[in-house]
Amino acid sequence: MKKLQMVDLHGQYLNIKTEIDKGIQEVIDSCAFINGPAVKKFQENLEKYLGVKHVIPCANGTDALQVSMMSLGLQPGDEVITSSFTFIATAEVIALLKLTPVLVDVDPDTFNIDPLAIERAITPKTRAIVPVHLFGQTAPMEEIMNIAQKHDLYVIEDNCQAIGSDYYFNDGSKKKAGTIGHIGCTSFFPSKNLGCYGDGGAIFTNDDDLARQMRVVVNHGMTVRYYHDYIGVNSRLDSIQAAILNAKLSNLDEYAAKRRIAADFYDKAFVNQPKLKIPSRYPKSNHVFHQYTMIAKSIDRKALIEYLASCEIPAMIYYPVPLHMQKAYLDPRYKAGDFPVTEYLCANVFSLPMHTELDEVQLTYITQNVLEFLNR
Ligand SMILES: *Cc1c(COP(=O)(O)O)cnc(C)c1O
């Protein structure tokens, strides 16, 4: 059996090696390392794939979130509502820009932000909502957009984990995750569903004015060369990374299908286990399984992970600490117990290997060993 990894990037590379190597070589031959034709081509390919008017490539997902907030003209003290159960980057940029992060709890089944909790957290200072499409499943965007419209708020989707996921509206229409709010952000970190071979990110919008402003902000706030009308940042996607992403984007739907096959295999093995809760599948979103995350119920999670490690099966905890309990983010507004669902999840979730190269032998080995632990 091939050695198990949380993500098998090398195995995935071998299947598309010719295309990737050719793309990288072309960039080197052209020496157009910054903003070369590969970047433009990727931007257009991604716009087409997502059905969105503008894609603005940038250096990483964290920058995508920061540039979004800078471009909306949010001011220090403005409140931005986001999920208490997410990767730190979401709250980090809010804090960096001296905006006030307002945390709200998540739904215990989907792990995504709870729209009712959003409404309760709105104050006259609220300017934006940042839903996170956690682990590959779109947050309840229809409800969130209705709330935003009612209260005149911006919505910035943190789509770093759900690129390619479709969201279905009540009227039967669908849109890609990240293209529903005013702005969508994604990351091309290597382990993401659409990952490059280094850092990368992108911002999506259907709004022409916002797109123009974001293109200025990512380029040092420059409108005409060496004339800086705004304070900006330097945030670019390298041409080599764009070439890699061009090769991988055409496989993205197939990659999602492979992840779903692995998820179905896990579901089938664990669905009747009272000590495990398999991931819920929210009917309005097709899950692209960035992670396969279960809840360990009345079992010792640490012992399970150690047991799996002894069988050379990696397992990870995303995320062990709720945002409001992170040392750098301790805030007198919040205390332990304020976000009970998030706190419960942080104490009990764990994720199994999930990627595009898992085969049946590996999946059988993983599931058998998890069951072995449960039946000890
Ligand atoms: C990965 C990730 C980010 C940050 O992306 P980087 O490219 O690593 O900066 C932000 N939010 C979420 C939810 C993520 O998973």
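The notes below deal with the structure included here. (Residues numbered from 1 in each chain as written. Predicted model: local features only at pLDDT ≥ 70, side-chain atom pairs only at ≥ 80, totals over all residues. Heavy atoms only, no water.)

**Regarding unusual backbone geometry**
Along the chain, Tyr 318 connects to Tyr 319 via a cis peptide bond; the corresponding omega equals 5 degrees. Within the element layout of this structure, Tyr 319 appears in the loop between helix H11 (301-310) and helix H12 (340-348). Unlike most non-glycine residues, Lys 98 shows phi in positive territory, near 65 degrees. Take Lys 98: it is sitting in the loop between helix H5 (89-96) and strand E3 (100-104). Backbone geometry at Asp 152 places phi at a positive 60 degrees, although glycine is not the residue there. Checked against the element boundaries, Asp 152 lands in the loop between helix H7 (141-151) and strand E5 (154-158). Here Asp 152 falls in the exposed class, since its relative accessible area comes to 69%. (Helix = DSSP H or I, 4+ residues; strand = E, 2+ residues; numbered from the N terminus. Buried < 20%, exposed > 50% of the residue type's maximum accessible area, 1.4 Å probe, protein only.)

**Examining the site of the ligand**
Among the 13 residues in the neighbourhood of the ligand, the closest are listed as Gly 61, Thr 62, Gln 161, Ser 187 and Lys 192. Separating an oxygen atom of the ligand from a backbone N or O atom of Gly 61 is a distance of 2.8 Å. One of the side-chain nitrogen or oxygen atoms of Asp 158 is found 2.8 Å away from a nitrogen atom of the ligand. Its free accessible area being 380 Å², the ligand has 91% of it covered by the protein chains. In the shell around the ligand, the residues fall into four nonpolar, seven polar and two charged. (Near = heavy atom within 4 Å. Polar contact = N/O pair within 3.5 Å; in protein donor to acceptor, adjacent residues only side chain to side chain. Areas by Shrake-Rupley, 256 points an atom, 1.4 Å probe, with all protein chains shown as cover. Nonpolar A, V, L, I, M, F, W, Y, C, P; charged D, E, K, R; others polar.)

**What to know about helix H13 (residues 360-374)**
A turn of α-helix holds 3.6 residues, and therefore any two residues three or four places apart point the same way. Taking 1.5 Å as the rise per residue, H13 with 15 residues should run 21 Å; its terminal C-alpha atoms sit 21 Å apart, in good agreement. Within H13, the full set of buried residues consists of Gln 362, Leu 363, Ile 366, Thr 367, Asn 369, Val 370, Phe 373 and Leu 374. Down the axis of H13, the buried side of the element spans an arc of 160 degrees, and every buried residue falls inside it. Facing away from the buried side of H13 by over 90 degrees, the exposed positions are Glu 360, Val 361 and Gln 368. At the N-terminal boundary of H13, the capping side chain belongs to Asp 359, with an oxygen 3.1 Å from the backbone nitrogen of Val 361. (Expected span 1.5 Å × (residues − 1). Arc of directions from axis to C-beta.)

**Points about the sheet that holds E5**
Here we have seven strands laid out as an open sheet, ordered E1-E9-E8-E5-E4-E2-E3, and mixed in their pairing. Every interior strand has two partners, whereas the edge strands, strand E1 (54-58) and E3, have only one. Strand-to-strand twist of the sheet, defined as the mean angle between neighbouring strand axes without regard to direction, takes the value 25 degrees. Bridge count for E5 against strand E8 (residues 183-187) is three bridges, and the pairing is parallel. Across the sheet, the residue bridging to Glu 157 is Gly 184, located in E8. Of the strands in this sheet, strand E4 (126-130) and E5 are in contact with H7, which crosses E5 at around 155 degrees. Sheet contacts for helix H8 (residues 208-217): E1, E8 and strand E9 (201-205); angle to E1, the most-contacted strand, approximately 15 degrees. (Pairing = 2+ DSSP bridges. Axes fitted to C-alpha atoms, helices over the stretch in contact; angles between N-to-C directions. Contact = heavy atoms within 4.5 Å.)

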